[in-house]
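Listed below are the residues making up each chain.
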Amino acid sequence: MGRHVVLIEDEPNITEAIRFLLMRDGWSVDAHTDGATAVEVIRDANPDLVILDLMLPGKSGLEIVRELRMEGGMGALPVLMLTARGQMRDREMAEKAGVTRFMTKPFSNAEVLTAVRDLHAQAGQG
């Protein structure tokens, strides 16, 4: 029943595209642009899934994931990380931080939708 996403992304075009795509698929989407307050926003929203950009103003996506993983109740929250940097080193750092899935920009709408549906389904079985 829960289909609520918090999207932390500072590029307006990407934010609007993802918001439109997910809302059309039945999700409620809260969008936020600032890394510095992202953990607080996520905590307050208590979403089913987080979509997080790697490079954000205020605090990086990796720092945000590390903080989420240390919080009670947020350890298993599915996190889809978006980044323009797709090097293996970035993927490894994201994995170590606790990112559930990693997606390199540019990506297709179908890729995002599939990833969100998969992560939500996996979380529901846990």
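Scope of this entry: the structure provided in the associated data block.

Criteria and thresholds
- Residues numbered from 1 in each chain as written.
- Predicted model: local features only at pLDDT ≥ 70, side-chain atom pairs only at ≥ 80, totals over all residues.
- Heavy atoms only, no water.
- Helix = DSSP H or I, 4+ residues; strand = E, 2+ residues; numbered from the N terminus.
- Rg over C-alpha atoms; globule rule 2.2 N^0.38 Å.
- Buried < 20%, exposed > 50% of the residue type's maximum accessible area, 1.4 Å probe, protein only.
- Areas by Shrake-Rupley, 256 points an atom, 1.4 Å probe, with all protein chains shown as cover.
- Lys, Arg positive; Asp, Glu negative; His and termini not counted.
- Charge placed at Lys NZ, Arg CZ, Asp CG, Glu CD.
- Pairing = 2+ DSSP bridges.
- Axes fitted to C-alpha atoms, helices over the stretch in contact; angles between N-to-C directions.
- Contact = heavy atoms within 4.5 Å.
- Salt bridge = Lys/Arg side-chain N within 4 Å of Asp/Glu carboxyl O.
- Arc of directions from axis to C-beta.

Structural notes on the overall build of the chain
Piece 1. Counting its regular elements, the chain contains five helices and five strands.
Piece 2. Overall, the chain shows an N-to-C arrangement of helices and strands of β-α-β-α-β-α-β-α-β-α.
Piece 3. For 126 residues, the compact-globule estimate of 2.2 N^0.38 gives 14 Å, and the chain sits close to it at 13 Å.
Piece 4. Its C-alpha atoms put the chain at 30 × 30 × 25 Å along the principal axes.
Piece 5. Per-residue burial for the chain yields a buried fraction of 42% across its 126 residues.
Piece 6. With the model as given, the accessible surface of the chain reaches about 6600 Å², and the carbon-plus-sulfur share is 51%.
Piece 7. In the chain, the 14 positive side-chain charges and the 19 negative ones have mean positions that sit 4 Å from each other.

Examining unusual backbone geometry
Piece 1. Put simply, K105 and P106 share a cis peptide bond, and its omega is -5°.
Piece 2. Inspection of the secondary structure assignment puts P106 in the loop between β5 (101-104) and α5 (109-124).
Piece 3. Notably, N46 is not glycine yet its phi reads approximately 50°, a positive angle.
Piece 4. Secondary-structure assignment places N46 in the loop between α2 (38-45) and β3 (49-53).
Piece 5. Residue classification places N46 among the exposed residues on the basis of a relative accessible area of 58%.

Notes on the sheet that holds strand β1 (residues 4-8)
Piece 1. Sheet architecture is open: five strands sit in the order β2-β1-β3-β4-β5, paired in parallel fashion. Bordering the open sheet on either side are β2 (28-32) and β5, each of which pairs with just one other strand. Strand-to-strand twist of the sheet, defined as the mean angle between neighbouring strand axes without regard to direction, takes the value 20°.
Piece 2. The strands touched by helix α3 (residues 61-70) are β3 and β4 (79-83); relative to β4, the strand with the most contacts, the crossing angle is about 170°.

Concerning the pattern of salt bridges
Piece 1. In this structure the tally under the stated criterion is nine salt bridges.
Piece 2. Residue R101 pairs with D118 through a salt bridge whose shortest N-O separation is 3.5 Å. With R101 in strand β5 and D118 in helix α5, this pair connects stretches of sequence that are 17 residues apart.
Piece 3. The class of R101 is partly exposed, set by a relative accessible area of 25%.
Piece 4. Each of E9, E11, D53 and K105 takes part in a single network of salt bridges with overlapping partners.

Here's the deal with the side chain of T15
Piece 1. As for its position among the elements, T15 is in helix α1 (residues 12-24).
Piece 2. For T15, a relative accessible area of 7% puts it in the buried group.
Piece 3. With sequence-adjacent residues up to four places away left out, T15 is seen in contact with L7, E9 and A31.

Considerations on α3
Piece 1. Turning to α3, its buried residues are G61, L62, I64, V65 and L68. Within α3, the buried residues cover an arc of 160° as seen down the axis, which keeps them to one side.
Piece 2. Packed against the buried residues of α3 are α2, β3, β4 and α4 (88-97).

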